[in-house]
Amino acid sequence: MSGPESAPPLAAELRSRGLRLTSQRQRVLAAVSALEHGTPEEIGARLRADAGPDGAAPDTSTVYRALELLEKLGLVWHTHLGKGAPIYHAGQQHRHVHVVCQTCGEISSVDPGVLDGAAERLRAELGFSLDVGHVALSGTCRACTEEKEKP
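Thresholds applied
- Residues numbered from 1 in each chain as written.
- Predicted model: local features only at pLDDT ≥ 70, side-chain atom pairs only at ≥ 80, totals over all residues.
- Heavy atoms only, no water.
- Helix = DSSP H or I, 4+ residues; strand = E, 2+ residues; numbered from the N terminus.
- Buried < 20%, exposed > 50% of the residue type's maximum accessible area, 1.4 Å probe, protein only.
- Contact = heavy atoms within 4.5 Å.
- Areas by Shrake-Rupley, 256 points an atom, 1.4 Å probe, with all protein chains shown as cover.
- Lys, Arg positive; Asp, Glu negative; His and termini not counted.
- Charge placed at Lys NZ, Arg CZ, Asp CG, Glu CD.
- Salt bridge = Lys/Arg side-chain N within 4 Å of Asp/Glu carboxyl O.
- Polar contact = N/O pair within 3.5 Å; in protein donor to acceptor, adjacent residues only side chain to side chain.

A.B. asks: How should the overall build of the chain be read in this particular structure?
C.D. replies: What the chain contains, in helices and strands, is six helices and five strands. Its helices and strands taken in sequence order, the chain reads α-α-α-α-β-β-β-β-α-β-α from the N to the C terminus. Viewed in the frame of its principal axes, the chain has a C-alpha envelope of about 50 × 45 × 25 Å. When burial is assessed residue by residue, the chain has 34% of its 151 residues classed as buried. Put simply, 52% of the contacts in the chain that link residues at least 6 apart link residues at least 24 apart. Total accessible area on the chain stands at roughly 9,100 Å², and carbon and sulfur atoms take up 52% of it. Counting 16 positive and 19 negative side-chain charges, the chain places the centres of these two groups 6 Å from one another.

Pasting the structure below:
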């Protein structure tokens, strides 16, 4: 369910804020980490699959509340990829920009440095500070581009 790497930061962070470490919060964080990029619905499905046919899994509203709390604590991040629910990933992962193929739906991660020029320009021209952890770029992946270019 949850690895030893997820429980200690969560437990310490919750205790420092006077909150309890519940098994549901711990399981949601473990599911986010395991999925790498998952919607709340996918996280809930993972929890149900992990629980098995006779096990208990948190309901959808509990998953959403846990995600909201975990994000406030900086343990998970969300990104909107366009239409639909946001995706969540563990906060301990390196910061990255999401690249989403509009054709096949593949999600890739790239180093935020790819946007350095654009971020500098936004700062200089608008005084705008870009949060690359929430950036999603949409386009067409290599495989779909090559498929379109076939004669």
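A.B. asks: Just to check I follow, could you spell out the environment of His80 for this structure?
C.D. replies: Note on placement: His80 falls in the loop between strand 1 (76-79) and strand 2 (87-90). Judged by its relative accessible area of 46%, His80 is partly exposed. Between the alpha carbons of His80 and His98 there is a distance of 9.4 Å; along the sequence they are 18 residues apart. If we ignore the near neighbours within four places in the chain, the residues touching His80 are Pro86 and Ala136.

A.B. asks: Hey, could you run me through unusual backbone geometry in this one?
C.D. replies: Positive phi, close to 70°, is recorded for Glu36, a residue that is not glycine. Topologically, Glu36 is positioned in the loop between helix 2 (23-35) and helix 3 (40-51). The exposure class of Glu36 is partly exposed, given its relative accessible area of 47%.

A.B. asks: So what exactly am I meant to see when it comes to the pattern of salt bridges here?
C.D. replies: Two side chains carrying opposite charge are able to pair once their charged atoms lie near each other. Taken as a whole, this structure holds four salt bridges when the rule is applied. Measuring nitrogen to oxygen at the nearest pair gives 3.3 Å for the salt bridge that ties Glu147 to Lys150.

A.B. asks: Explanation requested: the side chain of Thr62 in the structure shown.
C.D. replies: One can find Thr62 in helix 4 (residues 60-72). With relative accessibility at 13%, the residue Thr62 sits in the buried group. A distance of 3.2 Å separates a polar atom in the side chain of Thr62 from a polar atom in the side chain of Arg65.

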